[in-house]
Structures are given as C-alpha cells and as structure tokens.
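# What the coordinates show
Below are the chains, spelled out letter by letter.
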Amino acid sequence: MNDNTNTLSSGTVATLVVDTEPYLSCDDCFERLDQFVDARVADPSHTDLEMTTHLAGCGVCAEEASALEELVRIHAAHGS
Ligand SMILES: [Zn+2]
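Residues numbered from 1 in each chain as written. Predicted model: local features only at pLDDT ≥ 70, side-chain atom pairs only at ≥ 80, totals over all residues.

## A few points about the nonpolar core
Counting eight residues, the largest nonpolar core is built from L24, C29, F36, V37, M51, L55, C61 and A65. Of all the secondary structure elements, the ones that give two or more residues to this core are α1 (26-42), α2 (49-57) and α3 (59-77). In contact with C29, not counting residues within four places along its chain, are L24, M51, H54, C58 and C61. (Core = buried A, V, L, I, M, F, W, Y, C linked by C-beta atoms within 7 Å. Buried ≥ 20, exposed ≤ 12 C-beta atoms within 10 Å, placed from the backbone. Helix = DSSP H or I, 4+ residues; strand = E, 2+ residues; numbered from the N terminus. Contact = placed C-beta atoms within 7 Å.)

Structure below.
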C-alpha cells in the first residue's frame, strides 16, 4: 500500500503562535491531528500540550486520534 495522501500539508501553515489558551477547537484539533499522530508514532514520548489537553476533554477527537494512530501504525508496520 502506497497511498500516502497528504492533502493538507503545505496549506496548513503550522501556526507557531503560542496561544494562552491551550484548549483548541475541534477544527484546530482536527487540522493538527495528522501531524500529531505522525509525531506520536515516530516518537511515543512526543507531547503537544494543546492537543493532549483537547483530547483529554473531547471524546470525539480522542476517538478520532486513536483510530488514526492505529492506521498510521499499521502503515508504518507495513513499510513504505
Ligand atoms: Zn474535539
């Protein structure tokens, strides 16, 4: 399997703006989910305060995140 669809990579300008409020909206969370999950799979100790805070409080996104993480892990396990 080699369908690495990366539709919103460069369009999503990763805002390095540190907000005072670590609680993302679901939209923001969703936008960063790919990146977050990739980083998590590559490095299990990776943390993102905003993401983890949101995921801790939002069951929908948390579920989405774990489903995506599983997918990414399966992909990673199967190699390129
Ligand atoms: Zn959410």
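## Things to note about the confidence of the model for the chain
For the chain, the average pLDDT comes to 81, and 71% of its residues sit at 70 or higher. At the low end of the mean pLDDT range in the chain sits α2, at 92; at the high end sits α1, at 95. A low-confidence stretch, residues 7-16 stays under pLDDT 50, and its non-local contacts, those more than four residues away or across chains, total one contact. (pLDDT = per-residue confidence, 0-100.)

## With respect to the packing of α1 against α3
At a minimum axis separation of 9 Å, α1 and α3 run at an interaxial angle of 35°. Seen from above, α1 lies across α3 with right-handed handedness. Of the residues in α3, those in contact with C26, C29, F30, L33, V37, D38, R40 and V41 of α1 are V60, C61, E64, A65, L68, E69, V72, R73 and A76. A class-by-class count of the residues in the contact of α1 with α3 yields 12 nonpolar, no polar and five charged. (Axes fitted to C-alpha atoms, helices over the stretch in contact; angles between N-to-C directions. Left-handed = near helix turned anticlockwise from the far one by under 90°. Nonpolar A, V, L, I, M, F, W, Y, C, P; charged D, E, K, R; others polar.)

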